[in-house]
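Spelled out from the first residue to the last, the chains are:
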Amino acid sequence: MSVTKSVTSKRSGDRACAPRRRSPRNSCCIHLDQPPDRPDPAIYSQYERLSIGLEASWNSPDITTNHWKPWRLMQEPEVVVRNISSTASAVGVQVLIKIAPFGIGLAKTAISAQVVNLAPGEVKKLLFALPQSVLTGDPHVGVFVEIAHSVDKNAANNRGDQVIAGVYTSEAGRNLTFAFPVRNDDPTARTLTFSTLGNDLGAGISPAAHAFSPFEQIQATLTVQVPGSLHGTPANHLVREVTVVARDGAGRVVGGITFIVRIDE
């Protein structure tokens, strides 16, 4: 009897000492009903727009680089950044600017960076001084802006470009040919395809595709024919754009340029 009683007591003790299942209400884990509120610093991004089926222009509304008549670079290009979030502040947003010769895929050089704070919904205009060596060189350049923030809600809208060239029809005529360089900036061979986005200028691009070796560079040619139905005046000119987009074999956007035509006759 004593042996039986001892075993029974031991089993009872095991049950008493066994860890009890804890109620989720008493759990030490933190359960959030809503995800953390995060800011969304952004700039007009051609890459984001094209990825969701929207039209895009490499004449960015958020990056201003050139004066007209004569065509020349601004000493301090203007860059607009914004916080799309209406509730979360963006503290310590890094805005980096790079430049490259005019074209697609050419090597970029970082020239300046600023750190800014953006309140919910705030829009800021930043100025970036260009080096004298750039200001005295070819006024046709590419300007590339990259935004970085540690808790950014949407990184897809952090990259925006301004790669433009422009003419007046009174000076350049209505049958226009514009050559520009395209470089494969990838260390592997790949085929890039070129297309023009919707326009009413009878634009064409040659070649339509090219099989590039690593870092190969070619000249592409854009032809534009301004129709006789489009007329403007020096005081009230019409503005038309032709945008060329380069994509890789998977359909990813590699880069682009926008050719601006001011019809002033």
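Just above sits the structure.
Residues numbered from 1 in each chain as written. Predicted model: local features only at pLDDT ≥ 70, side-chain atom pairs only at ≥ 80, totals over all residues. Heavy atoms only, no water.

Scanning the chain for helices and strands turns up four helices and 15 strands. Evaluated residue by residue, the chain yields a buried proportion of 40% over its 265 residues. Per element, the accessible surface of the chain, about 14500 Å² overall, is 52% carbon and sulfur. (Helix = DSSP H or I, 4+ residues; strand = E, 2+ residues; numbered from the N terminus. Buried < 20%, exposed > 50% of the residue type's maximum accessible area, 1.4 Å probe, protein only. Areas by Shrake-Rupley, 256 points an atom, 1.4 Å probe, with all protein chains shown as cover.)

Moving on, we come to the sheet that holds strand β13 (residues 217-225). Here we have three strands laid out as an open sheet, ordered β9-β13-β11, and antiparallel in their pairing. Edge strands, defined here as strands with exactly one partner in the open sheet, are β9 (175-183) and β11 (204-206). Taking each pair of neighbouring strands and ignoring which way they run, the sheet shows an average axis angle of 20°. (Pairing = 2+ DSSP bridges. Axes fitted to C-alpha atoms, helices over the stretch in contact; angles between N-to-C directions.)

Glancing now at unusual backbone geometry. Residue P70 is reached from K69 by a cis peptide bond, and omega for that bond is -5°. Its place among the elements puts P70 in the loop between β2 (63-67) and β3 (72-83). Put simply, S206 and P207 share a cis peptide bond, and its omega is 0°. With respect to the secondary-structure elements, P207 resides in the loop between β11 and β12 (209-212). Along the chain, the position of K69 falls in the loop between β2 and β3. Positive phi values are uncommon outside glycine, yet F215 reaches one of about 60°.

Moving on, we get to the packing of aromatic side chains. Inspection of every chain in the model, using the stated rule, returns six aromatic pairs. Between Y47 and W58, the aromatic rings sit 5.9 Å apart at their centres with planes inclined by 80°, giving edge-to-face as the arrangement. Pair noted here: Y47 is in helix α2 (residues 46-51) and W58 is in the loop between α2 and β2, with a separation of eleven residues, a long-range link. When its relative accessible area of 13% is taken as the criterion, Y47 is described as buried. Ring geometry for F102 against F178: centres 5.6 Å apart, planes inclined by 80°, an arrangement best described as edge-to-face. On the criterion of sequence distance, the pair formed by F102 in the loop between β4 (90-101) and β5 (109-118) and F178 in strand β9 is long-range, its members being 76 residues apart. Like F102, the residue F178 is buried in the burial classification. By way of ring pairs, the aromatic residues F102, F178, F180 and F259 are connected into one cluster. A cation over a ring is seen here: R159 above Y47, with NZ or CZ 3.8 Å from the ring centre. The residue whose ring lies beneath R262 is W68, and the NZ or CZ to ring-centre distance is 3.8 Å. (Phe/Tyr/Trp six-rings, centres within 6.5 Å; stacked < 30°, edge-to-face > 60°. Lys NZ or Arg CZ within 6 Å of the ring centre and 35° of its normal.)

What follows deals with the sheet that holds strand β15 (residues 253-263). Taken in spatial order, the eight strands make up an open sheet running β5-β4-β7-β8-β15-β14-β10-β12, and their pairing is mixed. The outermost strands of the open sheet, each flanked by one partner alone, are β5 and β12. The mean angle between the axes of side-by-side strands here comes to 20°, regardless of whether they run parallel or antiparallel. For strand β7 (residues 141-148) and strand β8 (residues 159-168), the ladder comprises five bridges, and the chain directions are antiparallel. Paired with F144 across the strands is D161, a residue of β8.

Turning next to the pattern of salt bridges. Summed over all chains, the structure comprises eight salt bridges. For E146, the salt bridge is made with K98, and the minimal N-O distance between the two is 3.3 Å. Here E146 is found in strand β7, whereas its partner K98 is found in strand β4, with 48 residues between them in sequence. Taking the shortest distance from any N to any O, the salt bridge between R190 and D185 comes out at 2.8 Å. For D185, a relative accessible area of 33% translates into the label partly exposed. (Salt bridge = Lys/Arg side-chain N within 4 Å of Asp/Glu carboxyl O.)

Further remarks concern the environment of L222. Relative to the elements of secondary structure, L222 occurs in strand β13. C-alpha separation for the pair L222 and A179, spaced 43 residues apart in sequence, amounts to 6.2 Å. Excluding its chain neighbours within four sequence positions, the residues that come into contact with L222 are L176, T177, F178, F180, T196, A203, G204, I205, V242, V244 and F259. (Contact = heavy atoms within 4.5 Å.)

Keep in mind these values describe shape, not function.
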